[in-house]
2 protein chains.
Amino acid sequence: MSKNEVPYKIYLTEDEMPKAWYNLRADMKNKPAPLMNPGTHKPMTAEELGGVFCDELVKQELDDTTPFIEIPEEIRNFYKMYRPSPLVRAYCLEEKLQTPAKIYYKFEGNNTSGSHKLNSAIAQAYYAKKQGLKGVTTETGAGQWGTALSMACAYLGLDCKVYMVKVSYEQKPFRREVMRTYGASVVPSPSETTEVGKKILAEHPGTTGSLGCAISEAVEVAVKNPGYRYVLGSVLNQVLLHQSVIGLEAKTALDKYGIKPDIIIGCAGGGSNLGGLIAPFMGEKLRGEADYRIIAVEPASCPSFTRGTFAYDFCDTGMICPLAKMYTLGSSFIPSANHAGGLRFHGMSTTLSQLYHDGFMEATSVEQTSVFEAAEMFARIEGILPAPESSHAIRVAIDEALKCKETGEEKTIVFGLTGTGYFDLVAYQKYNDGEMSDYIPTDEEIAASVAKLPKID
Amino acid sequence: MSKNEVPYKIYLTEDEMPKAWYNLRADMKNKPAPLMNPGTHKPMTAEELGGVFCDELVKQELDDTTPFIEIPEEIRNFYKMYRPSPLVRAYCLEEKLQTPAKIYYKFEGNNTSGSHKLNSAIAQAYYAKKQGLKGVTTETGAGQWGTALSMACAYLGLDCKVYMVKVSYEQKPFRREVMRTYGASVVPSPSETTEVGKKILAEHPGTTGSLGCAISEAVEVAVKNPGYRYVLGSVLNQVLLHQSVIGLEAKTALDKYGIKPDIIIGCAGGGSNLGGLIAPFMGEKLRGEADYRIIAVEPASCPSFTRGTFAYDFCDTGMICPLAKMYTLGSSFIPSANHAGGLRFHGMSTTLSQLYHDGFMEATSVEQTSVFEAAEMFARIEGILPAPESSHAIRVAIDEALKCKETGEEKTIVFGLTGTGYFDLVAYQKYNDGEMSDYIPTDEEIAASVAKLPKID
């Protein structure tokens, strides 16, 4: 494949954009374990889930047999405002690395929320609106999900309440301001607006919050306020379903030029980007039609796949959410304070956890200084300032390309560039000033939080 | 033209991208007045300009007869990393406004510098590199130009020294950090590193700087350091030449779908975006092949076109740069402190000034609260958080579309969306908090600075 044949950026036409999401679970022999009621330890029913999520999303959450689910026209039209996202051939990076590998990345940062999160935000907001709800509640950590949801709600005229982890609320005032510009109300978490928030504040007066705690607050508000439901930006099956648009577009773009990837790489926090990117490729793999190396990349400071336990666990700190069977570090695990990027969730998508458990994908972890080194190199060569999360995938893509340089193999590498780093410049500043450090949790630390996993028969 | 015929976003293929820039001056009967030596009051020669700018750029600056100038392949390849930029049909905005008008915008914000500035930055850096120079110096106000130049220099391995207006340096640490990530050295201006900076600091110890002052410092450093030249992000003919890539792409995209615009709107500070966007359309108008309404939009707080004087003036505070004949408010004019956006330059491109003087275009000014009102509306409906500068054009595009609603006319409006507002959230916060105010300079204020214009025979 020569430079003249494949353009720098492959854009699909509107006609080529996916008309249905792909539900990876339909092709899994071992289905992901169901969400479980934390009180009864029985699988959550549609009725129980319906108090938290809106009805259509509950259906999607529970459906593990329908391979394709139509994307409603309204969502397809919204997608057309910022999609298709380009599949970029990293010619400049290849040249810099002097590698025979062909490197492609699917760039999801060309929208104001700055990441792939908008793909699911608009879907979740759409179904909430369709159900006649007044609004939705959610949590946000780094702020990408909150921003995406604010945009989607502004577009549809839905109320949007965001519980933002207090440390981010204070350190990222601009993220907060974007959400306000989109009309969302943003509350630092833990807050006095919820019972669970008050309880956490009473127990830990100086706490700067955590994602698990913000989830508990957002869920409480949704459950207690008529006309509101809770929405979540990752982990859930429904989110992976919506994010399959990333992989479907990428696959169509590759097919157009007759390109078959050897390695597919994505960063993994809760799994939304990775699950979306790999969906159609993993589908082929599950059906025995093709083989790919699929690599999940996680931070060494929050290594759910590589050092966690595959077990039922709580998704939130307040322990009011359903239990999920996943690779987890324990719901009380909090990444070291020096951890700069996102990907801080203690668990992982149940779907991806099952696939990893069954040997369909690999996982690796990388330290943050090496991640920022890759980020800066990428910014200078490919002209895009990447989000720290996305840079985990860049790091491993570069490493794999350098291996090809050694072996002379012309492998084709595809990775997910989930977003931009415009709101992560405090972290870049630390890196630029040589003040960034690494931290790998000890076995004892992980064992301590894993010991608190709920006991399930 | 129905929704089904024109896609939401028109992307050109790589083959359709321009291979030459269009030099608008070649088609002007009344050429823009030459830059003038501030000492001799004679037109600047190529030799004189060569001390400040690199040779190929001097040639481009002085060439007012060659209609097309080839874009070197290296620059075309760089363009392919972030261009073509989409020409977007604002279906959602049209629907919201309930207007029969068709609205299109050319969006230049999909690159890390966040604006159209990169189009000229890479060209200027390329010619500096080709001439074997070590580096370039420049000034930056809001920071878009400095970021763009840093990116271009990082890509080519050139040193980059940016003098950043002190108030921006302090209020926009993240802008500064992006430039540092791209390896640039960023100095707050005025500084102790130059003679002109020392002089200004001695005279005005507490000054927070101005664009005119930062220009003086950057020019001084370029002239005094062997192997360095000065580069500028707007105003100059060469910059308008490079920016013609915006208009050329837009025109090709429109032609593809048989669309002929009625009104073309761009914001105007120094004129780089406006001059680039309108270039091929203005060319047709000058050659009598087509007619368009072309509207320059400027801030009411810095109204060079609408309230300035067409005369020779200094481009910088230190009065060391050549004189330019332009619409100007006087080089000592500084916009009111409450002015939040860019577009703060006291003068205007000589090319655009001549065209405006000759009646080929209109100009209008808008107040900033109405600009941010349009910005927020646009963000919520079209999903892009616009730069305050770009939002001047949005304001007038919306106003023109609303006029069409009244008259029932189905006019086609094209406007330039020059960039994103990620680094302008202090201003958005002010707007969100209801703390933004307007200021229109009095006739006396403008007369006072215009009175200081240099006397030219």
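Residues numbered from 1 in each chain as written. Chains lettered and ligands numbered in written order. Predicted model: local features only at pLDDT ≥ 70, side-chain atom pairs only at ≥ 80, totals over all residues. Heavy atoms only, no water.

(A) Fine view of the domain arrangement of chain A. Residues and elements named next belong to chain A. Partitioning chain A into structural domains gives domain 1 (3–17 + 71–114 + 237–450) and domain 2 (49–54 + 115–230). For domain 1 versus domain 2, the separation of C-alpha centres amounts to 24 Å. Facing 39 residues of domain 1, the contacting portion of domain 2 comprises 32 residues. Interface area for domain 1 against domain 2, summed over the two sides, is near 2900 Å², with a carbon-plus-sulfur share of 64%. Of all residues in domain 1, Phe 78, Ser 113 and Phe 423 bury the most surface against domain 2, accounting for 24% of the area lost on that side. (Domains from an automatic or database assignment. Contact = heavy atoms within 4.5 Å. Buried area = accessible area lost by both parts, 1.4 Å probe.)

(B) Local environment of the environment of A:Glu406. Residue and element names in this part refer to chain A. Position of Glu 406 relative to the elements: it lies in helix 16 (residues 388–407). Taking the relative accessible area as the measure of exposure, Glu 406 reaches 73% and is therefore exposed. Once the C-alpha coordinates of Glu 406 and Pro 100 are considered, the two residues, 306 residues apart in sequence, prove to be 9.5 Å apart. (Helix = DSSP H or I, 4+ residues; strand = E, 2+ residues; numbered from the N terminus. Buried < 20%, exposed > 50% of the residue type's maximum accessible area, 1.4 Å probe, protein only.)

(C) Seen up close, the sheet that holds strand 1 (residues 9–10) of chain A. With mixed pairing, seven strands are arranged side by side in an open sheet as 1-4-5-15-10-11-14 (chain A). Two strands in the sheet have a free side with no partner beyond their single neighbour: strand 1 and strand 14 (362–366) of chain A. (Pairing = 2+ DSSP bridges.)

(D) Here's a closer look at the sheet that holds strand 8 (residues 185–189) of chain A. Residue and element names in this part refer to chain A. On the basis of which strands lie adjacent, the open sheet formed by four strands has the order 8-7-6-9 and parallel pairing. Either end of the sheet is taken by a strand with one partner, and the two such strands are strand 8 and strand 9 (228–230). Averaged over neighbouring strand pairs, the angle between their axes works out to 25° when direction is ignored. Taken together, the six bridges between strand 6 (residues 135–140) and strand 7 (residues 159–165) define a ladder with parallel strand orientation. Each residue of the ladder has a partner; that of Thr 140, found in strand 7, is Met 164. (Axes fitted to C-alpha atoms, helices over the stretch in contact; angles between N-to-C directions.)

(E) Up close: the nonpolar core. Of all hydrophobic cores here, the largest spans 240 residues; its most connected members are A:Met361 and B:Met361. Not counting the four nearest positions on each side in its chain, A:Met361 is found in contact with A:Leu274, A:Ile278, A:Met282, A:Ile294, A:Ala296, A:Phe305, A:Leu352, A:Leu355 and A:Tyr356. Listed in part, the 25 residues of the second largest apolar core include B:Val187, B:Ile215, B:Leu236 and B:Ala324. (Core = buried A, V, L, I, M, F, W, Y, C linked by side-chain atoms within 4.5 Å.)

(F) Quick look at the relation of the copies chain A and chain B. Relative to chain B, chain A is turned by 180° and slid 0.0 Å along the rotation axis, the superposed coordinates differing by an RMSD of 0.0 Å. Both chain copies can therefore be described as sitting about a two-fold axis. For chain A, the minimum C-alpha distance to the rotation axis belongs to A:Asn110 and amounts to 3.0 Å. By residue overlap, the copies meet face to face through one surface: 100% of the interface positions of chain A are interface positions in chain B. (Least-squares fit on C-alpha atoms with pLDDT ≥ 70 in both.)

(G) Looking closely at the confidence of the model for chain A. Chain-level pLDDT for chain A is 95 on average; 99% of the residues reach the 70-or-more range. Listed scores for the predicted complex are pTM 0.95 and ipTM 0.93. (pLDDT = per-residue confidence, 0-100.)

(H) Structural view of the interface of chain A and chain B. The partner chain B presents 43 residues to the 43 residues of chain A that form the contact. Across the chain A to chain B interface the summed buried area is about 4100 Å²; carbon plus sulfur atoms make up 57%. Taken together, the connections running from chain A to chain B amount to two salt bridges. Here chain A and chain B share 25 residue pairs in polar contact (both at pLDDT 80 or more) between them. (Salt bridge = Lys/Arg side-chain N within 4 Å of Asp/Glu carboxyl O. Polar contact = N/O pair within 3.5 Å; in protein donor to acceptor, adjacent residues only side chain to side chain.)

(I) Expanded view of the pattern of salt bridges. Overall, the coordinates contain 55 salt bridges over all chains when judged by the stated rule. Notably, a salt bridge pairs A:Arg287 with A:Glu289, separated by 2.8 Å at the nearest N-O pair. Assessed through its relative accessible area of 38%, A:Arg287 is described here as partly exposed. The shortest N-O distance in the salt bridge between B:Arg395 and B:Asp399 comes to 3.0 Å. Taken together, the residues B:Arg395 and B:Asp399, both in helix 16 (residues 388–407) and four residues apart, mark about one turn of the helix. Residues joined by salt bridges that share partners form a network here, namely A:Arg83, A:Lys106, A:Glu108 and A:Glu249.

(J) Quick peek at the packing of aromatic side chains. If you walk through the whole model with that rule in mind, you get 39 aromatic pairs over all chains. Here the aromatic rings of B:Tyr79 and B:Tyr82 are separated by 6.2 Å at their centres, their planes lie at 85°, and the arrangement is edge-to-face. Taken together, the residues B:Tyr79 and B:Tyr82, both in helix 3 (residues 73–82) and three residues apart, mark about one turn of the helix. Judged on exposure class, the residue B:Tyr79 and its partner B:Tyr82 are both buried. Among the aromatic side chains, those forming a connected cluster through ring pairs are A:Phe78, A:Tyr79, A:Tyr82 and A:Tyr155. Cation over ring: A:Arg176 sits above A:Tyr169, and NZ or CZ is 4.6 Å from the ring centre. (Phe/Tyr/Trp six-rings, centres within 6.5 Å; stacked < 30°, edge-to-face > 60°. Lys NZ or Arg CZ within 6 Å of the ring centre and 35° of its normal.)

(K) Structural detail: the packing of helix 5 (residues 118–130) of chain A against helix 6 (residues 144–156) of chain A. Residues and elements named next belong to chain A. Packing of helix 5 against helix 6 leaves a shortest axis separation of 8 Å and a crossing angle of 40°. Overall, the two elements helix 5 and helix 6 adopt an arrangement that is oblique. In this structure, helix 5 meets helix 6 at a crossing whose hand is right-handed. In this structure, helix 5 uses Leu 118, Ser 120, Ala 121, Ile 122, Gln 124, Ala 125, Tyr 126 and Lys 129 to contact helix 6, whose residues at the interface are Trp 145, Ala 148, Leu 149, Met 151, Ala 152, Cys 153, Tyr 155 and Leu 156. (Parallel < 35°, antiparallel > 145°, perpendicular 65-115°, else oblique. Left-handed = near helix turned anticlockwise from the far one by under 90°.)

(L) The arrangement of the pairing of strand 5 (residues 102–107) of chain B in detail. Residues and elements named next belong to chain B. In terms of burial, strand 5 is largely enclosed, as six of its six residues are buried. Here strand 5 shows two buried faces, one formed by Lys 102, Tyr 104 and Lys 106 and the other by Ile 103, Tyr 105 and Phe 107. Relative to strand 5, strand 4 (residues 87–89) runs antiparallel, the two being bridged by three bridges. Bridge pairing links Arg 89 to Tyr 104 in strand 5.

(M) Highlighting the packing of helix 6 (residues 144–156) of chain B against helix 8 (residues 173–181) of chain B. Residue and element names in this part refer to chain B. Packing of helix 6 against helix 8 brings their axes to within 8 Å, and their N-to-C directions diverge by 15°. The orientation of helix 6 with respect to helix 8, classified from their angle, is roughly parallel. At the point where helix 6 passes helix 8, the crossing takes the left-handed sense. In this structure, helix 6 uses Gln 144, Gly 146, Thr 147 and Ser 150 to contact helix 8, whose residues at the interface are Arg 175, Val 178 and Met 179. In terms of residue class, the contact of helix 6 with helix 8 is built from two nonpolar, four polar and one charged. (Nonpolar A, V, L, I, M, F, W, Y, C, P; charged D, E, K, R; others polar.)

(N) Local environment of the environment of B:Thr13. All names here are of chain B. Tracing the chain through its elements places Thr 13 in the loop between strand 1 (9–10) and strand 2 (20–22). A relative accessible area of 41% means that Thr 13 is categorised as partly exposed. As a C-alpha pair, Thr 13 and Arg 83 span 70 residues in sequence and 9.8 Å in three-dimensional space.

(O) Focus on helix 17 (residues 425–432) of chain B. All names here are of chain B. Those residues of helix 17 lying buried are Leu 425, Ala 427, Tyr 428 and Asn 432. Viewed end-on, helix 17 has its buried residues packed into an arc of 150°, placing them on one side of the element. Just past helix 17, the residue Gly 434 takes up positive phi, approximately 70°. (Arc of directions from axis to C-beta.)

(P) Representation of helix 11 (residues 237–256) of chain A. Residue and element names in this part refer to chain A. Counted at 1.5 Å a residue, the expected span for helix 11 with its 20 residues is 28 Å, and the 29 Å between its end C-alpha atoms agrees. Taking the largest bend as the criterion, helix 11 deviates by roughly 30°, centred on Gln 243. Once helix 11 ends, the next one or two residues include Gly 258, with phi positive near 65°. (Expected span 1.5 Å × (residues − 1). Bend = angle between axes of the 7 residues up to and from the residue.)

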